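Listed below are the residues making up each chain.
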Amino acid sequence: MHAKTDGLQHRMTPATWGLLALLGLIWGGSFFFARIAIQHVPALTLVLLRVALAALALHIYVSGRYDIYSELKARWPQFLMLGLINNAIPHTLIFFGQTQIGAGLAAILNATTPVWTVLIANALTHDEKLSLAKISGCLLGLAGTAVLIGPSALPGLMQSGSNIPLWALLFPVIAAISYGFAATYGKRFRGLAAPVTAAGQLTASTLIMLPLALVIDTPWQLPAPPITSVLAVLALALISTAYGYILFFRIMSRAGATNTSLVTLLVPPSAILLGFLFLGETLEPTDVAGMLLIAAGLVVLDGRILPLRRP
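The rules behind the values
- Residues numbered from 1 in each chain as written.
- Predicted model: local features only at pLDDT ≥ 70, side-chain atom pairs only at ≥ 80, totals over all residues.
- Heavy atoms only, no water.
- Helix = DSSP H or I, 4+ residues; strand = E, 2+ residues; numbered from the N terminus.
- Buried < 20%, exposed > 50% of the residue type's maximum accessible area, 1.4 Å probe, protein only.
- Contact = heavy atoms within 4.5 Å.
- Areas by Shrake-Rupley, 256 points an atom, 1.4 Å probe, with all protein chains shown as cover.
- Axes fitted to C-alpha atoms, helices over the stretch in contact; angles between N-to-C directions.
- Parallel < 35°, antiparallel > 145°, perpendicular 65-115°, else oblique.
- Left-handed = near helix turned anticlockwise from the far one by under 90°.
- Nonpolar A, V, L, I, M, F, W, Y, C, P; charged D, E, K, R; others polar.
- Expected span 1.5 Å × (residues − 1).
- Bend = angle between axes of the 7 residues up to and from the residue.
- Patch = residues over 30% accessible without salt bridge, like charges linked within 9 Å, V, L, I, M, F, W, Y side chains within 5 Å.
- Salt bridge = Lys/Arg side-chain N within 4 Å of Asp/Glu carboxyl O.

Asks: Got a sec to walk through the overall build of the chain? Specific residues and values, please.
Replies: When you go through the chain residue by residue, the secondary structure sums to 13 helices and zero strands. Going residue by residue from the N terminus, the α and β elements of the chain occur as α-α-α-α-α-α-α-α-α-α-α-α-α. The proportion of buried residues among the 311 residues of the chain is 51%. Considering only residue pairs separated by 6 or more positions, the chain has 89% of its internal contacts joining residues 24 or more positions apart. Carbon and sulfur atoms make up 70% of the accessible area of the chain, which totals about 13900 Å².

In structure tokens form, the structure reads like this:
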């Protein structure tokens, strides 16, 4: 059974690549929308709005199809875990990080997700084990992460214009690790329709974030955000989350955890372009070098363009 599943999950058709490219564009936009919204909406409240509005939209979209409520009832512990590690934890960490860093840098750090996915899948699954290509890709990706974080980890080497705190760089990396666990854990939902899995995890993450946001942020006491932030929140919830996760689980059911996590290779370019065009963001040479190392690692992990061995 594992051998058959492994053969299917690592086969990427042109249609699947098209879905992956679309998801990369949508999730690149999520860093852009979050960077706008986080200026006026606290991080926990922003996570709550993102997952709650997306969950509501998906429940309306499903509207009784796929026998969704019986699935939610039967699998609520699994959905709760998925919502925690695929939404609540990583979204919160990324949003807090984006209070100090731009959309492009946050997306680059998040691009280490496939590296962690490969390592976690090797430890926790039987059908996605490490190979020479995967080990080499992981080392390149980790080297890229070290280049990005290194200058802030050594204050004496910091340039005078670089005042980014270390935690702001580490939070998106920890979020990427959480996504790696989620990609592996999410394989157990392969038999469910993508909208059901997406609605289930977003409903669960809404329940997790609701008391945290209410107690810590007390959002009813906050001033009303400007219209740009409101529109950014709506785009973040409906486009980058509700529709994005439908695509995510559809791709995972076709291509497996590792291939699906390659979407993070496509996220930074769109996030960087949007940040440059609309937010005036620029990248330091070390940021570009780190991105190139991570991208090289993901290409090696994919194994199609630069195969390390031929059959």
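Let us keep going from here.
Asks: Describe the packing of helix H5 (residues 76–97) against helix H9 (residues 166–185), with residues and values.
Replies: Remark: H5 packs on H9, axes separated minimally by 8 Å, with the N-to-C direction vectors making an angle of 160 degrees. For the element pair H5 / H9, the angle class is roughly antiparallel. Relative to H9, the crossing made by H5 is left-handed. Only Trp167, Ala168, Phe171, Pro172, Ile174, Ala175, Ser178, Tyr179, Phe181, Ala182 and Tyr185 of H9 make contact with H5, whose side of the interface consists of Gln78, Met81, Leu82, Ile85, Asn86, Ile89, Pro90, His91, Leu93, Ile94, Phe96 and Gly97. Its residues assigned to classes, the contact of H5 with H9 comprises 18 nonpolar, five polar and no charged.

Asks: For H5, give the residues involved together with the corresponding values.
Replies: For H5, spanning 22 residues, the distance from its first C-alpha to its last is 30 Å, which sits close to the expected 32 Å at 1.5 Å a residue. Of all the bends in H5, the greatest measures close to 40 degrees and is centred on leucine 84.

Asks: Describe a nonpolar patch on the surface, with residues and values.
Replies: On the surface, Leu210, Leu212, Leu214, Val215, Ile216 and Trp220 cluster together into a nonpolar patch covering about 610 Å² of accessible area. In this structure, leucine 210 sits in helix H10 (residues 194–217). A relative accessible area of 38% means that leucine 210 is categorised as partly exposed.

Geometric descriptors of this kind do not, in isolation, establish any biological role.
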